[in-house]
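# Working through the structure, step by step
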Amino acid sequence: MEKNTGCPFSNLSPNLGITCFVAFITVILVRVLYVIYRTGKPLNKRSPQQTLSTLIVLGSGGHTAEMINLLLVLQKDRFTPRFYIAAATDNMSLQKARVLENSWADSQSGVKRISAEFMQIYRSREVGQSYVTSVWTTLVATTHALWLMIKIRPQVVLCNGPGTCIPLCVIAFIFKVIGIRWSSIFYVESIARVKKLSLSGLLLYKLQIADQFFVQWPQLQRKYPRAHYVGCLM
Amino acid sequence: MGSIVFTRIQNQVQNGCCRRGGKLSTRSCNLCTRVHCVEGHLVRTEHSVFEAVIDGMGESKDGVKGKRVVFVTVGTTCFDALVKVVDSQQVKDELLTRGYTNLLIQMGRGSYLPKSSGGDGSLAVDYFTFSSSIADHLRSASLVISHAGSGSIFETLQLGKPLIVVVNEDLMDNHQSELAEELAERRHLYCARPPTLCQTIASMDLKSLLPYSPGDATPVAKLVNRFLGFPEG
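- Going by an unreviewed UniProt entry, chain B carries the name Glycosyl transferase family 28 C-terminal domain-containing protein and comes from Hibiscus sabdariffa.

- Chain A is annotated in an unreviewed UniProt entry as UDP-N-acetylglucosamine transferase subunit ALG14 of Hibiscus sabdariffa.
- Heading Subcellular location (unreviewed entry) of the UniProt record for chain A holds this comment: "Endoplasmic reticulum membrane".
- Within the UniProt record for chain A, the comment given under Sequence similarities (unreviewed entry) is "Belongs to the ALG14 family."

## Some points on the overall build of chain A
- Each helix and strand counted, chain A has 7 helices and 7 strands in total.
- Tracing chain A from N to C terminus, the helices and strands come up as α-β-α-β-α-β-α-β-α-β-α-β-α-β.
- A buried classification covers 44% of the 234 residues belonging to chain A.
- A fraction of 70% describes how many contacts in chain A between residues 6 or more apart in sequence connect residues 24 or more apart.
- Split by element, the accessible area of chain A, about 12,600 Å² in all, is 63% carbon and sulfur.
- The averaged location of the 10 negative side-chain charges in chain A is 7 Å from the averaged location of its 26 positive side-chain charges.

## What about the interface of chain B and chain A?
- At the junction of the two partners, chain B supplies 29 residues and chain A supplies 40 residues.
- Run the count over chain B and chain A and you get 1 salt bridge.
- For B:Glu178, the salt bridge identified is with A:Lys196, shortest N-O distance 3.9 Å.
- Our enumeration of links across chain B and chain A arrives at 11 residue pairs in polar contact (both at pLDDT 80 or more).
- Counting only elements with at least two residues in the side of chain B that touches chain A, the list comes to α6 (150–158), α7 (176–185) and α9 (218–227) of chain B.
- When grouped by side-chain class, the residues that make up the side of chain B that touches chain A number 15 nonpolar, 8 polar and 6 charged.

## Regarding the confidence of the model for chain B
All names here are of chain B.
- On average, residues of chain B carry a pLDDT of 76, and 70% of them reach 70 or more.
- Across chain B, the secondary-structure element scoring lowest on mean pLDDT is helix α2 (residues 51–56), at 28, and the one scoring highest is strand β7 (residues 163–166), at 97.
- For residues 24–64, every residue scores under 50 in pLDDT, and the model assigns this stretch 100 contacts once sequence neighbours within four places are set aside.
- Across the interface, the model reports ipTM at 0.87; the global pTM reads 0.77.

## Quick notes on the sheet that holds strand β6 (residues 212–215) of chain A
Residues and elements named next belong to chain A.
- Strand order in the open sheet formed by 7 strands is β3-β2-β1-β4-β5-β6-β7, and the pairing between neighbours is parallel. If you trace the sheet from one side to the other, it starts and ends with β3 (116–121) and β7 (228–229), each paired once.
- Bridge analysis of strand β1 (residues 54–57) against strand β2 (residues 82–87) gives 4 bridges, and the strand direction is parallel. Bridge assignment links Leu55 to a residue of β2, and that residue is Phe83.

## Remarks on the UniProt feature "transmembrane region" (unreviewed entry) in chain A
- The residues that UniProt annotates with the feature "transmembrane region" (unreviewed entry) are residues 16–37, 131–150 and 170–188 of chain A.
- The distance from the first to the last C-alpha atom of residues 170–188 of chain A is 16 Å, and the span holds 47% helix and 26% strand.

## Observations concerning the pairing of β1(A)
Residue and element names in this part refer to chain A.
- By the alternation rule, side chains of β1 split into Thr54 and Ile56 and Leu55 and Val57, which are all buried.
- In this fold, the crossover linking β1 to β2 by way of helix α2 (residues 62–71) has right-handed handedness.
- Relative to strand β4 (residues 156–159), β1 is paired through 3 bridges, and the arrangement is parallel. Directly across from Leu55, in β4, lies its bridge partner Val157.

## Notes on the pattern of salt bridges
Residues and elements named next belong to chain B.
- Following the criterion strictly, the structure yields 8 salt bridges over all chains and no others.
- Among the salt bridges present, the one from Asp87 reaches Lys92, with a minimum N-O distance of 3.2 Å.
- Overall, the relative accessible area of 8% leaves Lys92 in the buried class.
- The network of salt bridges with shared partners includes Asp87, Lys92 and Lys115.

## Some details on the environment of A:Phe83
All names here are of chain A.
- Tracing the sequence through the fold places Phe83 in strand β2.
- In this structure, the C-alpha to C-alpha distance between Phe83 and Thr54, residues 29 residues apart in sequence, is 6.1 Å.
- Not counting residues within four places of it along the chain, the set of residues in contact with Phe83 comprises Ser53, Thr54, Leu55, Ile56, Glu117, Met119 and Ile152.

## Regarding helix α4 (residues 89–97) of chain B
All names here are of chain B.
- Turning to α4, its buried residues are Val91, Lys92, Glu94 and Leu95. The buried side chains of α4 occupy one side of the element, clustering within an arc of 160 degrees when seen end-on. α4 presents Gln89, Gln90 and Thr97 as exposed residues on the side facing more than 90 degrees away from its buried surface.
- Where α4 is buried, its residues meet β3 (69–73), α3 (80–86), β4 (102–106), β5 (124–128), β6 (143–147) and α8 (197–203).
- At the exit of α4 stands Gly99, carrying a positive phi of roughly 95 degrees.

What counts and how
Residues numbered from 1 in each chain as written. Chains lettered and ligands numbered in written order. Predicted model: local features only at pLDDT ≥ 70, side-chain atom pairs only at ≥ 80, totals over all residues. Heavy atoms only, no water. UniProt positions renumbered as here; feature names shortened; annotations may be inferred. Helix = DSSP H or I, 4+ residues; strand = E, 2+ residues; numbered from the N terminus. Buried < 20%, exposed > 50% of the residue type's maximum accessible area, 1.4 Å probe, protein only. Contact = heavy atoms within 4.5 Å. Areas by Shrake-Rupley, 256 points an atom, 1.4 Å probe, with all protein chains shown as cover. Lys, Arg positive; Asp, Glu negative; His and termini not counted. Charge placed at Lys NZ, Arg CZ, Asp CG, Glu CD. Salt bridge = Lys/Arg side-chain N within 4 Å of Asp/Glu carboxyl O. Polar contact = N/O pair within 3.5 Å; in protein donor to acceptor, adjacent residues only side chain to side chain. Nonpolar A, V, L, I, M, F, W, Y, C, P; charged D, E, K, R; others polar. pLDDT = per-residue confidence, 0-100. Pairing = 2+ DSSP bridges. Right-handed = clockwise from strand over helix to strand, strands pointing away. Arc of directions from axis to C-beta.

Now the structure itself:
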């Protein structure tokens, strides 16, 4: 004889709900741990002809100059298509990137079309902005970053310090966890950082979000052993 | 004669070639336009750290006699403290004593206007706010006094110009001073603060500065390619 009346699942659904929730959280945690484990491990060998879509994060002044120095020694036909992102209030950086891409396109004259796109992103925080209003602007910036990242889904992310790279790198990490795209994140700490890391650098290093972390001065390599010392880029 | 030591260059010099593989002669390499002193130490053309060495060789490369410009730059920042101290009579007198004839100030977003002057044997002073590229001003300067921005610093060092970096004490998070102090320790430039600038100019020995070899981004490219699984080369 049945003890229960009504829906036979009525007792089951709260338990089922909780079980599903716990299972879901466990899967996410395991996945996050797996991503942290795999972060920093070199990828499998690939053919030299393969191309990787690349996101390049630009920052004001010295940041862009250093990034351009790096781009000059990377193989243009390997790291393509290229997407440049700069802060909305930074006028010079995208212009400099455009000049660089144009000079590359000129030297190839008609063989390949320019495979570069230039985008602007809202800043998380302007210099001197109060930390209270920064919470809101960071949320706006992160939403905007999410929108851009979903469009781009890069395989490689290159950044070197500006705060604009943090939302983008965090989202790239989340994409790894969810499985949307496995992007290798490379961070080069600015040449102006000799003894202490910048805030962006500290976050990406401590949270183990960057796959490879480069520093330009030996003092930093001693302090942060997982970083690679590469000497001065400028 | 200047006794500047360039360890890397010296290794190559011992093999009888300059940095780019050209053959050394007593005056110049047949590949690059750099001038070598008779001991094989690499020196550069006029308006550089090694002016004294060139003078010692008894050869003057350019026809313009006498004009020695001090170029002051604050980049895109506002650094009134530097512009003020450079415009002070003390500093101008000191520059005159050290043999400079012109003072050109790029004052950026600052609000302090220097007193333009010229003629009658004193330092000729001129100023402007911004220009799209300061490379030409740097090239024609005999001495550069700059704020501590990494862009200005490396642009100047790469042109081989003697440099005094002045750290802005009013900046909140002064990480810029780390770079200036490190490069000063490595003897590539002099580091000062606005109150100590005059003293630095009086006591500086530009011949003792070491040249800065341009950096190289290829180690990063190599590591990135290797990580991504691309074959070497």
